[in-house]
Amino acid sequence: LIFHMRASADYKNATLQIAFTRQGGLGLPTPEYYSSDEFAAIRKSYVAYIAKMFVLTGVKAEEAQAKAEGILALETRLAKASVPRVEMRKPENQYHFVSVAEANKLTPLFDWNEYFKAVGVKIGDGFSLSQPGFFVEFDAMLAQVPIEQWRDYLSFHTLSDAASLLSKDFADARFAFYGKTLTGQPEQPPRWKRVLAQVNGSMRS
């Protein structure tokens, strides 16, 4: 998701529940992964993972590599506009109450009235556009990033998010990156455990 939305207590009136929209859009854990030399090898593995997912859908390797590099570039731009993890601890970086009209002035290409209508949320007096700088950059990217690049980005994340529900090749590719490379897990849990976890998770939600 480019950004996240959830309901939570208004920081200035705890008796009210309001919508909070927060920065998102990254396939790597934090914005620092896109710029720090420390994570250069992780970025390389991430591009390889993205390309692999496209290859599994039938895209030729050279084209898949180009798509992967374009996705990394798109996410890198989002990361540069994101508030760093440490700074996110500050309340002023978590809450920025605006009316829908005020939000639309910040993001003239992204209509918040239409968005809330589409997701079926009645917004009332306003909501928290929690990291305004991120949303300003996202709005600019809507005009500046080619539509094909957005399609590649959305296609990849749809595949990646659904990988555990697809064939073994997709599940294994996702685990190889997010399980082994990022978190150091030696092997994927057996299928029966993953199925049980999926069922339990669905019941809790």
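Everything below is about the structure shown above.
Keep in mind that this is a model prediction, so the values were computed, not measured.

Basis of the calculations
- Residues numbered from 1 in each chain as written.
- Predicted model: local features only at pLDDT ≥ 70, side-chain atom pairs only at ≥ 80, totals over all residues.
- Heavy atoms only, no water.
- Core = buried A, V, L, I, M, F, W, Y, C linked by side-chain atoms within 4.5 Å.
- Buried < 20%, exposed > 50% of the residue type's maximum accessible area, 1.4 Å probe, protein only.
- Helix = DSSP H or I, 4+ residues; strand = E, 2+ residues; numbered from the N terminus.
- Contact = heavy atoms within 4.5 Å.
- Phe/Tyr/Trp six-rings, centres within 6.5 Å; stacked < 30°, edge-to-face > 60°.
- Axes fitted to C-alpha atoms, helices over the stretch in contact; angles between N-to-C directions.
- Parallel < 35°, antiparallel > 145°, perpendicular 65-115°, else oblique.
- Left-handed = near helix turned anticlockwise from the far one by under 90°.
- Pairing = 2+ DSSP bridges.

A. Layout of the nonpolar core. Counting residues in each nonpolar core, the largest one holds 47 residues, and the members touching the most others are Phe3, Tyr46, Trp112 and Phe127. Among the elements of the structure, helix H1 (40–56), helix H2 (61–81), helix H3 (100–106), helix H4 (112–119), strand E4 (127–129), helix H5 (132–144), helix H6 (147–162) and helix H7 (168–183) are those that each provide at least two residues to this core. In terms of residue count, H1 provides more of this core than any other element does, eight residues in total. Non-local contacts of Phe127, meaning those with residues more than four positions away in its chain, are made with Ala19, Thr21, His96, Phe97, Val98, Ser99, Val100, Ala103, Trp112 and Phe116.

B. How the structure looks around the environment of Leu166. Residue placement: Leu166 occurs in the loop between H6 and H7. Owing to a relative accessible area of 35%, Leu166 belongs among the partly exposed residues under this scheme. Once the C-alpha coordinates of Leu166 and Leu182 are considered, the two residues, 16 residues apart in sequence, prove to be 21 Å apart.

C. Geometry of the packing of aromatic side chains. If you walk through the whole model with that rule in mind, you get 27 aromatic pairs. Ring centres of Trp112 and Tyr115 lie 5.7 Å apart, and the angle between their planes is 85°; this geometry places the pair in the edge-to-face category. Taken together, the residues Trp112 and Tyr115, both in helix H4 and three residues apart, mark about one turn of the helix. Ring geometry for Trp150 versus Tyr153: centroids 6.0 Å apart, planes at 85°, classification edge-to-face. Here the residue Trp150 and the residue Tyr153 both occupy positions in helix H6, the gap between them amounting to three residues, near one helical turn. The exposure class assigned to Trp150 is buried, which follows from its relative accessible area of 8%.

D. Spatial organisation of the packing of H2 against H5. Viewed as axis vectors pointing N to C, H2 and H5 meet at an angle of 150°, and their least axial separation amounts to 8 Å. When the interaxial angle is binned, H2 and H5 end up roughly antiparallel. You can see that H2 and H5 cross each other, and the crossing is right-handed. Seen from H2, the contacting residues are Leu74, Arg77, Leu78 and Ala81; seen from H5, they are Gly133, Phe134, Glu137, Ala140, Met141 and Gln144.

E. Representation of the sheet that holds strand E2 (residues 13–23). An order of E1-E2-E4-E3 is seen for the four strands of this open sheet, with the pairing classed as mixed. Edge positions in the sheet fall to strand E1 (3–10) and strand E3 (97–98), since each has one partner strand and no second. As paired elements, E3 and E4 share two bridges and run antiparallel to each other. Paired with Phe97 across the strands is Ser128, a residue of E4.

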